[in-house]
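Summary of the model geometry
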Amino acid sequence: VQLVESGGGLVQAGGSLRLSCAASGSTFSRNAMGWYRRAPGKQRELVAYISSGGGSTNYADSVKGRFTISRDNAKNTMYLQMNSLKPEDTAVYYCNAFPPIGVFGSWGQGTQVTVSS
């Protein structure tokens, strides 16, 4: 089973990006999923998570009101819409199960998000 993140890039403060997480295999729809990020010099942190069916979501205080997590189980894909981006959102963004208990194997490569001031 594999997770592939995409959609990152360089954006100015106040801009938007939409990240995607594509999962292979049949376990995606049975698992709660999360977006995580690792900023330079910091530990990986949870950004947001969504229940297996998509009906429940939760966000870190730092992104609440700016980011929206969603999923399409028919496409085995999860999304993170990021609006009003700030320089402190600069990080490599990863997707994985929530909690990341190893159902998808190792972490993917992530996608780099860089927000310039």
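The preceding data block contains the structure.
Summarised in this report is the structure supplied together with it.

Conventions used here
- Residues numbered from 1 in each chain as written.
- Predicted model: local features only at pLDDT ≥ 70, side-chain atom pairs only at ≥ 80, totals over all residues.
- Heavy atoms only, no water.
- Helix = DSSP H or I, 4+ residues; strand = E, 2+ residues; numbered from the N terminus.
- Rg over C-alpha atoms; globule rule 2.2 N^0.38 Å.
- Buried < 20%, exposed > 50% of the residue type's maximum accessible area, 1.4 Å probe, protein only.
- Phe/Tyr/Trp six-rings, centres within 6.5 Å; stacked < 30°, edge-to-face > 60°.
- Lys NZ or Arg CZ within 6 Å of the ring centre and 35° of its normal.
- Disulfide = S-S within 2.5 Å.
- Contact = heavy atoms within 4.5 Å.
- Polar contact = N/O pair within 3.5 Å; in protein donor to acceptor, adjacent residues only side chain to side chain.
- Pairing = 2+ DSSP bridges.
- Axes fitted to C-alpha atoms, helices over the stretch in contact; angles between N-to-C directions.

Digging into the overall build of the protein
Of regular secondary structure, the protein possesses zero helices and ten strands. Moving toward the C terminus, one meets the helices and strands of the protein in the order β-β-β-β-β-β-β-β-β-β. A compact globule built from 117 residues would reach a C-alpha radius of gyration of about 13 Å, and the protein, at 13 Å, matches this within 12%. For the protein, the C-alpha atoms occupy an extent of roughly 40 × 25 × 20 Å along the three principal directions. Per-residue burial for the protein yields a buried fraction of 42% across its 117 residues.

Looking at the packing of aromatic side chains
All told, the structure shown has three aromatic pairs when counted by the stated rule. Between the aromatic rings of Y36 and W107, the centroid separation amounts to 5.1 Å while the plane-to-plane angle is 90°, which identifies the pairing as edge-to-face. Of this pair, Y36 sits in strand β4 (residues 33-38) while W107 sits in the loop between β9 (91-97) and β10 (111-116), placing them 71 residues apart in sequence. Each residue in the set Y36, Y94 and W107 is aromatic and connected to the rest through ring pairs, giving one cluster. Above the face of the Y79 ring, R18 is positioned so that its terminal group lies 4.0 Å from the ring centre. One residue, R44, lies across the ring of Y94, its end atom 4.6 Å from the ring centre.

Details of the state of the cysteines
The term disulfide refers to a covalent linkage connecting the sulfur atoms of a pair of cysteines. Per the counting criterion, the structure on display carries one disulfide. Disulfide partner of C21: C95, at an S-S distance of 2.1 Å. Across the disulfide from C21 to C95, rotation about the S-S bond amounts to roughly 70°, and the bridge is consequently right-handed. Separated by 74 residues along the polypeptide, C21 in strand β3 (residues 17-23) and C95 in strand β9 bring together distant segments of the chain. Just as C21 is buried, C95 falls in that class too.

Side note on the environment of E5
By the secondary structure assignment, E5 is in strand β1 (residues 3-6). Using a relative accessible area of 8% as the deciding quantity, one classes E5 as buried. Spatially, the C-alpha atoms of E5 and T27 are 17 Å apart, while their sequence positions differ by 22 residues. Apart from residues no more than four positions distant in its own chain, E5 is found in contact with S20, C21, W35, Y93, Y94, C95, G108, Q109, G110 and T111. A polar side-chain atom of E5 sits 3.0 Å from the main-chain amide nitrogen of C95.

A short note on the sheet that holds strand β8 (residues 77-82)
The strand order across the open sheet built from four strands is β1-β3-β8-β7, with neighbouring strands paired in antiparallel fashion. Every interior strand has two partners, whereas the edge strands, β1 and β7 (67-72), have only one. Averaged over neighbouring strand pairs, the angle between their axes works out to 15° when direction is ignored.

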